[in-house]
Amino acid sequence: MAKEIKTTAPDTMNQLAAVEPSAVYKKLGVDQTGLTSAAATKRQQKYGKNLIEKSAKEPLIKIFLSNFTSVMAILLWVGGFIAIIAHMLELGIAIWLVNVINGVFSFWQEFQAGKATEALSQMLPAHARVLRDGKQSEILAEDLVPGDTIYVEEGDNISADARLIQTTNMKVDQSTLTGESAAVSKRADSVSKLNVGHAELSNMIFAGTSVSSGSATAVVLSTGMKTDFGKIARLTQSVGNVESPLEKELDRLTRQISLIAISLGVFFFIAAVFFVHYPWAQAFIFALGMIVAFIPEGLLPTVTLSLAMAVNRMAKKHALVKQLSSVETLGETSVICSDKTGTLTQNQMTVSHLWLPKEELEVTGLGYAPKGKIISKSDAQFDATKDPDAQQLLRGAALASNARVVPPSPKNDNYTVLGDPTEACLTVVAEKAGLDLTMEAKKTPRIKELPFDSVRKRMTTIHSNGAQDLTYTKGAPNEVVALCQKMQVNGKVVPLTAEDRERIMQANDNYAKEGLRVLAIAYSDLPADQDLDAATIETVEKDLTFVGLTVMLDPPRPEVKAAVEECHRANIQIIMVTGDYGLTAKSIAQKIGIVQGDDVRVVTGQELKTMTDQELKKALSGQIIFARMAPEQKFRVVSMLQTMNKIVAVTGDGVNDAPALKKADIGIAMGVTGTDVAKEAADMILTDDNFASIVRAIEEGRTVFNNIKKFLLYILNSNMPEATPSAVFLFSRGGIPLPLTVMQILSVDLGTDMLPALGLGTEQAESGIMDQPPRSQNEKLLNKGIIFKAFFWYGLVAAIISFGAYLYVNFAYGYSLTNLATHGVVYQEATTMTLAAIVFCQIAAAINCRTINESVFKVGIFSNHRVLFGIVFEIVLLACLIYVPFLQGIFNTAPLQVHEWIFLVIIPIPLILVEEIRKWVVRRRRARA
Ligand code: ATP
């Protein structure tokens, strides 16, 4: 064995491009049978994993410190400082402490959210197909080593720098390296021009690039940071966090509220100085209390955390969201453009019939097990291997397929498919008929492939067959029959007449109306002088001989019907955009309820080309199905829907789907059948390719938005009872002693309120959430409803109750409204009661805010553990503030009497009951409407 090269230095790559593949193998110290697992392990120890080191993240300490340098935080630092120099040491320290707690809390939430997204980005590891131990197998891309033989095909990401050994119509997208987005042709031939950049070497492929079309075999030269891509150290798949509309809205909201808070603070400051003649420093602290009370601290991190938790929940429901911000867009989705095969149907193909020009054959047995028979109605003794037409049909179908069915093994009880299920079922039916596929492949070995693409809707394989080569073409009947001039009947080749074409298409339509999927099979003998190297689609796919149709069942997914119904209830329009035949598409759409009745327009790709934008727009507002669509045409449909102000979710799996996936508001790639390119272009990946998972994700999106509103309502709620005592104090010009001190305000806002608020951000989906139309794009978080509820309903009631509690203590000790306690233990007990009453009102609010219109008792009063824990925390913290001597001093509190505790405990009961009645009335009104 030749000496193994070390790694590929830039000049080495140019040298390896100049030599024959055999010399490359030799230089790498491998042969054509690939590496053994043991050799690969050894090489991995030497070269390391095939990983690109992540670009340096922002240091944690920097992120941590950023939480202490916001405008709000600076205000608190200054406030604390002023309190200290004004000889209010405890207050100053408390303000600083609050600032620290708030910063740590925000950091923790951000950190959690960050961890959640990082975990997600690791859930879809890249894979590579390699030749190991003489067998093709799939391994993690990070386990590739120099010397590995790899296979790549359309849509694959290339995981290492490699020298091409064999190619079929190979084109790659090298834009990540060159910035040039046009696909570049690649061939295995050695190159003579050596003084060029690597990307220009036509027989080299590079990590970080992808296959636009065709397929290839290549041998790996370098991996990980040694690749050209590694050297640039750019990341292809990073889960970035671009500021989304929601984040912008939250930012705007925080600034708005902060402005109001600061204006209020200034007002209170002036009033305190000039009305009540407070010293400046004390007035400043007083105003600061107001500002703190109003600013919704913790809003941004809580939103981020609730988005991250939703993303985690979605991942469990088979929807991987790449960006947190996509969650809110999901909640707004008003149209889903879904493909059919695999998403709405099971992609569990079984051939049910074979159609030959002379007769129809039935196939028994379901699934991928080769158990079943081919039955002829006219001949009970029918043997497909003896019938020349059936034999040719099955041979063509199987030999022009790339998929493999893997029999059950100790690890897996079922037959499983490697590759395209449409192709797998064709090999199964050939086996059912008794064809020996290994022998057939030996007799007529495949020498070239013109791969399938969804624009042509067919594929062709070329096989050597003695003196003359033979081709098999399989694909959509319309496309294949159009290329046929002859057909085979009883082993004889006869001209294909116009009537024959009509008869074939009639048979196709009859099957399609039943929702069956039909592929036509044809063959041709190539002229002996055909130059195979130069063979193209145009020179090979012509003058074919039609053999027959294969008809396959692909049942709808059982859960899809209910999901479709749910979408319709939620006013989400579903548009099927499929590559399949119109009648098949329509039949499936009817079966699963996407369309109702016969008033359905089926627009084909051909027809779409001739439609004006105006016509398309009009058609999109009715029941419509797009069939035989080229993936690029999805782009036009999506763009048009967007001009109609729709928020569009689009599914896709192929390379050509990428533009539509990018254009969509939510691009959804298939995790199982999807190509790497589609997955990269998408915002969300379905790990089960299932339509129902999209609907679950939309539900989560809607829930998150509602939860943010619940959170907001809750934290704004305490503003009114916190501000009212100061206002009363000011407007009475100090006649009514301050019922709530600044320290007490801080203890609610930055202490007791925090955890229940966080819990509300994680509330589960409310029933009926999918019975409402999608949220309007203009809907603001802080709408009139929330303002009214927060300030003039929950807030006002809480203000009255807490002021009542303050008076209650005064009256209990014999004070009157005109003569309230101004100092001493009664005053302390009275302000403690105001504080405690606010906390108990907030307990009711936390429970009330958990649902919008649903009864909390129905949802389960104990069902949200975080809210529950928050409430317990609230009470414990309050008890500490009241009973721990050290805190008593800081917060100016005094122990409460039993009757006062009874007063407090009763508070939430009427608040919850009244709110339950309101919710019940709304529900009843809705049910009647
Ligand atoms: P959808 O777009 O809903 O996933 P689809 O699988 O029918 O449905 P494409 O993959 O674009 O869409 O395929 C278009 C058509 O090409 C199919 O309807 C079928 O007629 C034909 N076809 C699909 N797969 C193959 C294949 N492996 N070989 C030959 N023809 C195929």
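For clarity, every value in this text was computed on a predicted model and none was experimentally measured.

Cut-offs used in this document
Residues numbered from 1 in each chain as written. Predicted model: local features only at pLDDT ≥ 70, side-chain atom pairs only at ≥ 80, totals over all residues. Heavy atoms only, no water. Phe/Tyr/Trp six-rings, centres within 6.5 Å; stacked < 30°, edge-to-face > 60°. Helix = DSSP H or I, 4+ residues; strand = E, 2+ residues; numbered from the N terminus. Buried < 20%, exposed > 50% of the residue type's maximum accessible area, 1.4 Å probe, protein only. Pairing = 2+ DSSP bridges. Axes fitted to C-alpha atoms, helices over the stretch in contact; angles between N-to-C directions. Expected span 1.5 Å × (residues − 1). Arc of directions from axis to C-beta. Polar contact = N/O pair within 3.5 Å; in protein donor to acceptor, adjacent residues only side chain to side chain. Parallel < 35°, antiparallel > 145°, perpendicular 65-115°, else oblique. Left-handed = near helix turned anticlockwise from the far one by under 90°. Contact = heavy atoms within 4.5 Å. Nonpolar A, V, L, I, M, F, W, Y, C, P; charged D, E, K, R; others polar. Domains from an automatic or database assignment. Buried area = accessible area lost by both parts, 1.4 Å probe. Salt bridge = Lys/Arg side-chain N within 4 Å of Asp/Glu carboxyl O.

### So, the packing of aromatic side chains
Summed over the entire model, instances satisfying the criterion amount to 15 aromatic pairs. Plain terms: the ring middles of Y278 and F729 are 5.7 Å apart, the flat faces sit at 55 degrees to each other, and that makes the pair tilted. Of this pair, Y278 sits in the loop between helix 9 (245-274) and helix 10 (280-294) while F729 sits in helix 27 (residues 719-731); the two residues are 451 residues apart in sequence, bridging distant segments of the chain. Residue class for Y278 comes out buried when judged on its relative accessible area of 17%.

### Examining the sheet that holds strand 26 (residues 666-670)
The pairing of strands in a sheet comes from backbone hydrogen bonds and takes either a parallel or an antiparallel form. If you walk across this open sheet you meet the eight strands as 8-27-26-25-9-22-24-23, and the pairing is mixed. Taken across any chain shown, the strands that pair with only one partner, and hence form the sheet edges, are strand 8 (319-321) and strand 23 (601-604). With strand direction ignored, the average angle separating the axes of adjacent strands in the sheet is 20 degrees. Alignment of strand 9 (residues 335-338) against strand 25 (residues 648-652), held across three bridges, turns out to be parallel. Within the sheet, the bridge partner assigned to I336 lies in strand 25 and is A649.

### A look at helix 33 (residues 865-883)
Here helix 33 contains 19 residues, and its C-alpha end-to-end distance of 26 Å stays within 8% of the 27 Å for a straight helix at 1.5 Å per residue. Where helix 33 is concerned, the buried positions are V867, G870, I871, E874, L878, L881 and I882. Within helix 33, the buried residues cover an arc of 100 degrees as seen down the axis, which keeps them to one side. Among the exposed residues of helix 33, those oriented more than 90 degrees off its buried face are H865 and F869. Its side-chain oxygen placed 3.0 Å from the backbone nitrogen of R866, N864 serves as the N-cap of helix 33.

### A short note on the packing of helix 10 against helix 27
Between helix 10 and helix 27, whose axes approach to 9 Å, the crossing angle comes to 155 degrees. The pairing of helix 10 with helix 27 is recorded here as roughly antiparallel in orientation. Seen along the crossing, helix 10 lies across helix 27 with a hand that is left-handed. Contact residues: F286, M290, A293 and F294 in helix 10; N719, E722, A723, S726, F729 and L730 in helix 27. Within the contact of helix 10 with helix 27, the residues separate by chemical class into seven nonpolar, two polar and one charged.

### Thoughts on the domain arrangement of the protein
In terms of domains, the protein is made up of domain 1 (10-54 + 119-234), domain 2 (319-345 + 557-697) and domain 3 (350-409 + 416-553). Here the C-alpha centroids of domain 2 and domain 3 sit 30 Å apart. Interface of domain 2 and domain 3: buried area, both sides summed, is about 1,100 Å²; carbon and sulfur atoms make up 52% of it. There are one salt bridge connecting domain 2 and domain 3. In this structure, the salt-bridge partner of D580 is R517, at a minimum N-O distance of 3.0 Å. For the interface between domain 2 and domain 3, the tally reads eight residue pairs in polar contact (both at pLDDT 80 or more). The set of elements that each furnish at least two residues to the side of domain 2 that touches domain 3 consists of helix 20 (582-591) and helix 23 (631-643). For the side of domain 2 that touches domain 3, the class distribution of residues is six nonpolar, five polar and five charged.

### Describing the pattern of salt bridges
Applying the stated criterion across every chain, the model contains 34 salt bridges. For R446, the salt bridge goes to E449, with nearest N and O atoms at 3.0 Å. Because the salt bridges share partners, they merge into one network encompassing K340, R517, D580 and R628.

### As for the pairing of strand 4 (residues 161-173)
A regular strand carries its side chains on alternate faces of the sheet. Examined bridge by bridge, strand 4 and strand 7 (residues 210-222) share ten bridges and lie antiparallel to one another. Counterpart to K171 in the pairing with strand 7 is S213. With two bridges joining them, strand 4 and strand 5 (residues 184-185) adopt antiparallel strand pairing. Bridge pairing in strand 5 links V172 to V184.

### Looking at the environment of L35
The residue L35 is located in the loop between helix 2 (21-28) and helix 3 (37-47) in this model. A C-alpha to C-alpha distance of 46 Å links L35 and T304, two positions 269 residues apart in sequence. Those residues in contact with L35 that lie beyond four places of it in its chain are V30, A40, R43, L131, R132, D133, V145, P146, G147 and D148.

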